[in-house]
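A look at the structure
The chain contents come next:
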Amino acid sequence: DAGITQSPRHKVTETGTPVTLRCHQTENHRYMYWYRQDPGHGLRLIHYSYGVKDTDKGEVSDGYSVSRSKTEDFLLTLESATSSQTSVYFCAISGGAGLEDEQYFGPGTRLTVT
Amino acid sequence: GESVGLHLPTLSVQEGDNSIINCAYSNSASDYFIWYKQESGKGPQFIIDIRSNMDKRQGQRVTVLLNKTVKHLSLQIAATQPGDSAVYFCAETTGGSYIPTFGRGTSLIVHP
């Protein structure tokens, strides 16, 4: 998984609770992304980061926030989880030297909101 | 858990056959394309890429063909094996935007 880890790998939480997912990379890649993947929708971009403390919204950012205080860590927070946020979440990285465009994915986090 | 392969086009082949998976892209300005393989329960895995200044690129058992005229991309897998069973999807980017657009994917099922 190209030096990308996600934690937790599985989580069950109740509606209304805050949840934070962590993505950690050891590749020193500049860009980091959070996607959600749902049957029938494919991969949808939630937020991305193009550097420390530099983030921007993707197509499905409502209800999510992110932070990147270090190159290696990108956090995704669900401020108040809803059942519609039940999904598999993938982190990805890109922007490695000489491999600027190639995007590598983590193993995913399966989140269930009850 | 529910498979990402549900609701997707499906290609079923016999072991040893060659497989061709197609992808139509929408943005004529896209200049970089990637094919990913996603096995059940895992993250997408980079397979092969191609830039718009090329028509064909070969890897190990895989070939990607790009037809810019009709905005079509294909992935050919030679001598398909059961381990190739997965969802395959393409992604396109434009001018170093670093924000790829992903296709919905095709589920490949290889029968032994």
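For clarity, every value in this text was computed on a predicted model and none was experimentally measured. (Residues numbered from 1 in each chain as written. Chains lettered and ligands numbered in written order. Predicted model: local features only at pLDDT ≥ 70, side-chain atom pairs only at ≥ 80, totals over all residues. Heavy atoms only, no water.)

**Focus on the overall build of chain A**
When you go through chain A residue by residue, the secondary structure sums to 0 helices and 11 strands. Mapped in sequence order, the helices and strands of chain A form the string β-β-β-β-β-β-β-β-β-β-β. Against the globule reference of 13 Å for 114 residues, chain A gives a C-alpha radius of gyration of 13 Å, in line with a compact fold. The dimensions of chain A, computed from C-alpha atoms along their principal axes, are 45 × 25 × 25 Å. Taking as baseline every contact in chain A between residues at least 6 positions apart, the subset at least 24 positions apart corresponds to 55%. When the 11 basic and 14 acidic side-chain charges of chain A are each reduced to a single mean position, those positions are 5 Å apart. (Helix = DSSP H or I, 4+ residues; strand = E, 2+ residues; numbered from the N terminus. Rg over C-alpha atoms; globule rule 2.2 N^0.38 Å. Contact = heavy atoms within 4.5 Å. Lys, Arg positive; Asp, Glu negative; His and termini not counted. Charge placed at Lys NZ, Arg CZ, Asp CG, Glu CD.)

**Details of the overall build of chain B**
Broken down by element type, chain B carries 0 helices and 10 strands. Along chain B, helices and strands appear, N-terminal first, in the series β-β-β-β-β-β-β-β-β-β. Against the compact-globule benchmark of 13 Å for 112 residues, chain B has a radius of gyration of 14 Å, which places it among compact chains. Viewed in the frame of its principal axes, chain B has a C-alpha envelope of about 40 × 30 × 20 Å. Within chain B, the proportion of its 112 residues that are buried is 41%. Counted over contacts in chain B with a minimum sequence separation of 6, partners at least 24 positions apart contribute 54%. Carbon and sulfur atoms provide 47% of the accessible area of chain B, an area that totals close to 5600 Å². Between the mean site of the 9 positive side-chain charges and the mean site of the 9 negative ones, chain B shows a separation of 5 Å. (Buried < 20%, exposed > 50% of the residue type's maximum accessible area, 1.4 Å probe, protein only. Areas by Shrake-Rupley, 256 points an atom, 1.4 Å probe, with all protein chains shown as cover.)

**Focus: the sheet that holds strand β5 (residues 56-58) of chain B**
Residue and element names in this part refer to chain B. Within the open sheet, the 4 strands sit side by side as β2-β7-β6-β5. Their pairing is antiparallel. The outermost strands of the open sheet, each flanked by one partner alone, are β2 (19-24) and β5. Recorded for the sheet is a direction-independent mean angle of 15° between the axes of neighbouring strands. Here 6 bridges tie β2 to strand β7 (residues 72-77), and the two strands are oriented antiparallel to one another. (Pairing = 2+ DSSP bridges. Axes fitted to C-alpha atoms, helices over the stretch in contact; angles between N-to-C directions.)

**Quick word on the packing of aromatic side chains**
Taken as a whole and assessed by the stated rule, the structure comprises 15 aromatic pairs over all chains. When the ring of F89 of chain B is compared with that of F102 of chain B, the centres are 5.8 Å apart and the planes differ by 70°; the resulting orientation is edge-to-face. Pair noted here: F89 of chain B is in strand β8 (residues 86-93) and F102 of chain B is in strand β9 (residues 101-102), with a separation of 13 residues, a long-range link. In terms of burial, F89 of chain B and F102 of chain B fall into one category: buried. Members of the aromatic cluster, joined through ring pairs, are Y31, Y33, Y35, Y48, Y50, Y104 and F105 of chain A together with Y36, F46, F89 and F102 of chain B. (Phe/Tyr/Trp six-rings, centres within 6.5 Å; stacked < 30°, edge-to-face > 60°.)

**Re the state of the cysteines**
All names here are of chain A. Scanning all chains against the criterion turns up 2 disulfides over all chains. Between the sulfur atoms of C23 and its disulfide partner C91 the distance amounts to 1.9 Å. Between C23 and C91, the disulfide has an S-S torsion of -70° and is therefore left-handed. Of this pair, C23 sits in strand β3 (residues 19-25) while C91 sits in strand β9 (residues 87-94), placing them 68 residues apart in sequence. (Disulfide = S-S within 2.5 Å.)

**What about the pattern of salt bridges?**
Residue and element names in this part refer to chain A. Following the criterion strictly, the structure yields 8 salt bridges over all chains and no others. Salt-bridge contacts for R22 lead to D73; the nearest nitrogen and oxygen are separated by 3.1 Å. Here the residue R22 occupies a position in strand β3, and D73 occupies one in strand β8 (residues 73-78), the gap between them amounting to 51 residues. Accessibility expressed as a relative area gives 33% for R22, which makes it partly exposed. Here D73 falls in the buried class, since its relative accessible area comes to 9%. (Salt bridge = Lys/Arg side-chain N within 4 Å of Asp/Glu carboxyl O.)

**Considerations on the side chain of S74 of chain B**
Residue and element names in this part refer to chain B. In this fold, S74 is placed in strand β7. For S74, a relative accessible area of 6% puts it in the buried group. Dropping the residues within four chain positions of it, S74 is found in contact with I20, I21, N22, W35, T63, V64 and L65.

**Section: the interface of chain A and chain B**
Where interface size is quoted, it is often the accessible area lost as the parts come together. Listed by partner, the interface residues are 21 residues for chain A and 24 residues for chain B. Regarding the contact of chain A and chain B, the summed buried area is about 1800 Å², with carbon and sulfur atoms giving 60% of it. Put simply, chain A and chain B have 2 residue pairs in polar contact (both at pLDDT 80 or more) between them. Elements with a minimum of two residues in the side of chain A that touches chain B: β4 (31-38), β5 (42-51), β9 and β10 (104-105) of chain A. In terms of residues, the side of chain A that touches chain B owes the most to one element, β4 of chain A, which gives 4 residues. Looking at side-chain class alone, the side of chain A that touches chain B contains 11 nonpolar, 5 polar and 5 charged residues. (Buried area = accessible area lost by both parts, 1.4 Å probe. Polar contact = N/O pair within 3.5 Å; in protein donor to acceptor, adjacent residues only side chain to side chain. Nonpolar A, V, L, I, M, F, W, Y, C, P; charged D, E, K, R; others polar.)

Just distances and angles here, no functional claims.
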